[in-house]
Amino acid sequence: MSIGAKLSENNELLVISIQGAFDFSMLNDFRVAYSTDVGEQTKIVIDMRDTTSINSSALGMLLNMQRHLKRDDGGIDIINSNDAVRKVFDITHFDKKFNIK
Amino acid sequence: MKVVKILVVDDLPTNRKLLRQILLKISGFTVIEAKDGREAISLFNSENPDLILMDINMPGMGGHESTSEIKKISGDTYIPIIFVTALSAESALSDSLSSGGDDFVSKPFDADVLKSKINAHLRIRELNNQLSLKNDELKRMNNNLVREQELIEHFFNSTLKQSFLDKSLIDFHMSSMSTFNGDVFLVARSPKGGLYVVMGDFTGHGLTAAMGTIPVAMIFFKMVAANSAIKDIARELNDQLYTLMPVSMFFAATLLELNAQGSILTTWMGGMPECYLVGENGVLKDTIQSKHMPLGILRDSSFDSATEIHNVINNDKLYLYSDGVIEASRPDGEMFGSERLKHVITSSNNNRIEKVIREVNEFCGTTEQSDDITLVELSCVEIPRIDEVEDAGWDNKHTLPWVISISLSSDDMRNTDPVSELSEIIGSFPVFQKHKGIIEVLLYEIYFNALDYSILGLGDFEKNTEEEFEAYYALREKKLKDLADASIKFDLTYSSTLGYEQVVICIKDNGCGYQGHEVDMSNSSLHGRGLDIVNSICDKVVFSDKGRMLEVTYKI
């Protein structure tokens, strides 16, 4: 269970990947991941290919990130989520706040 | 020593007797006799002699006719036929040779000359036999080789044909110096929609170089099917090739993933020439350089699987190529080079692959191709989805009912992760396999609700900002550390009667009870979302005992 962050050379793109069950035990790592040197133009993507599940604490962490980075609704992409994760996003209507693909 | 069998053909018994006497003085010979040409042919067939001494003039079939016939029968096997003649030397020689004979001896015989001639021809026969054995062996080996090559080709074709080569995404050219190719180019789609490419070049050419493509293809397709990340594929390929290949062999490769939306490119490059990202109107947007050693050189502990990411937009095109393209040489030795390649790519708008190959061929002129050449264009667009495959699920299978009870003490709450352990147990029942993720969420939310709000009494604390969030969890940790005499009990009951399959989860605690369950949770504040999720997932959600007990029903 860990969090990885990758920033492209020209700071155009930040990809944060989350491995395992996404919950508050990742609070600090997750904060560190998005507190890197991103500009207003940096595209932010959360890659959930290795995320097994997500819960309400993690949803709160996502909202905190959005607020911290001052992104509009839909300004952050979430990609590769599995069915269970996708269902939680659907139930909580997170597609109104994040660009879930 | 093998006994040499000599056939003596003469119509006069005295001549045959004379020859027999001479021959028997030479050790190792046995003698058989024929009285004319016809009998000679029949004895040749039945006795398989090693050498024939042939009289020329005999009643019935003569020596010349008989010789032609025997030579015809023996085919490629050398059977020496020496004419025994009283005729003058020159005409005897020319007649004997024209009828297929190999030599002649004149009467009267000189025993030593006869012996020398016989031995000389037997040596030729021996050499001839060895040669034809070798020939047979060569023929057999060649047949085996051809057959093996066909089989190997089958392996390659069936490994490589799994590639997903959609014309809207991929254009490519691949030419090899021999049937088998050291260049590898594979494309696959992951279940989550990403497009994966591996393009690379094994050291060497031909079959030895191509050997490595099979493990590469097998690992690649399998890992893509599991939605693996590029860094993990790179690591696995490196580790396997490091184990499999001789030290002198390695695999220079570019691995990449284009996400389903065609907006993010993730690359790992080891030992490959730079590749080009080209935007609209041929603008060179980015040159991506190789940052690593080729695969199969470093042991796993020293291997660096770090990938790079690149932001791409609709219709950006990426060009990958093997060094054969830029190292193609013209007669004076000058190479095509990356500048020429870049120029061709950026100075046109379509059919760039075709144009590059044409330029390379024109450049090389009459020079023979000295390396495998592969050139690939990847269009960064949305990837067509894989058609969903119906699961042969457990939907109609009856399974046994069960009950699981778990009681947690304060220590358990501090030190264990009951949610993931319980999810593992439930997920191991086949009927729950597809629901494991959702069950885990459900268990997490009701456990969190009982622990944080009823047991730890944290229900009044706000979690609206990052700071409050952190403070909340700091406080939670502290309270958890000091916790004593707490108890949470899970009862899970699975039943599958009347076509209904459901699990009822009951969670009881000895805390102060959850007070917030009547609060409106439809607003978008950060807390309360947990029970929102529970409400949406479950058919029935019932609190009792002043919020100390919660029973939820999840239908499958």
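This report concerns the structure included in the present document. (Residues numbered from 1 in each chain as written. Chains lettered and ligands numbered in written order. Predicted model: local features only at pLDDT ≥ 70, side-chain atom pairs only at ≥ 80, totals over all residues. Heavy atoms only, no water.)

The interface is formed by 39 residues belonging to chain B together with 43 residues belonging to chain A. Taking both partners together, chain B and chain A bury about 3,500 Å²; carbon and sulfur atoms supply 57% of that area. Broken down residue by residue, the surface that chain B buries against chain A is led by Lys192, Ile309 and Glu466 of chain B, which jointly contribute 20%. Taken together, the links from chain B to chain A amount to three salt bridges. (Contact = heavy atoms within 4.5 Å. Buried area = accessible area lost by both parts, 1.4 Å probe. Salt bridge = Lys/Arg side-chain N within 4 Å of Asp/Glu carboxyl O.)

Turning our attention to the packing of aromatic side chains. All names here are of chain B. Under the defined criterion, the tally for this structure stands at 23 aromatic pairs over all chains. With a centroid separation of 4.5 Å and 15° between ring planes, the pair formed by tryptophan 402 and phenylalanine 429 is classed as stacked. One end of the pair, tryptophan 402, is in strand S16 (residues 402–409); the other, phenylalanine 429, is in the loop between helix H13 (418–427) and helix H14 (436–455), with 27 residues separating them in the sequence. For tryptophan 402, a relative accessible area of 13% puts it in the buried group. The exposure class of phenylalanine 429 is partly exposed, given its relative accessible area of 27%. Lying over the aromatic face of phenylalanine 104, lysine 117 brings its terminal NZ or CZ to 5.2 Å of the ring centre. Across from the ring centre of phenylalanine 164, 3.7 Å away, lies the NZ or CZ of arginine 189, which sits over that ring. (Phe/Tyr/Trp six-rings, centres within 6.5 Å; stacked < 30°, edge-to-face > 60°. Helix = DSSP H or I, 4+ residues; strand = E, 2+ residues; numbered from the N terminus. Buried < 20%, exposed > 50% of the residue type's maximum accessible area, 1.4 Å probe, protein only. Lys NZ or Arg CZ within 6 Å of the ring centre and 35° of its normal.)

Quick look at the pairing of strand S2 (residues 13–22) of chain A now. Residues and elements named next belong to chain A. Burial analysis of S2 places eight of its 10 residues in the buried class, which makes it a mostly covered element. In terms of strand pairing, strand S1 (residues 2–7) meets S2 through six bridges, oriented antiparallel. Directly across from alanine 5, in S2, lies its bridge partner isoleucine 16. Here S1 folds back onto S2, and the loop between the two strands holds five residues, one of which, asparagine 11, carries a positive phi near 60°. Sheet analysis places S2 next to strand S3 (residues 43–47), joined by five bridges and oriented parallel. Within S3, the residue paired with isoleucine 16 across the bridge is isoleucine 46. Bridge count for S2 against strand S4 (residues 51–54) is three bridges, and the pairing is parallel. Directly across from glycine 20, in S4, lies its bridge partner threonine 51. (Pairing = 2+ DSSP bridges.)

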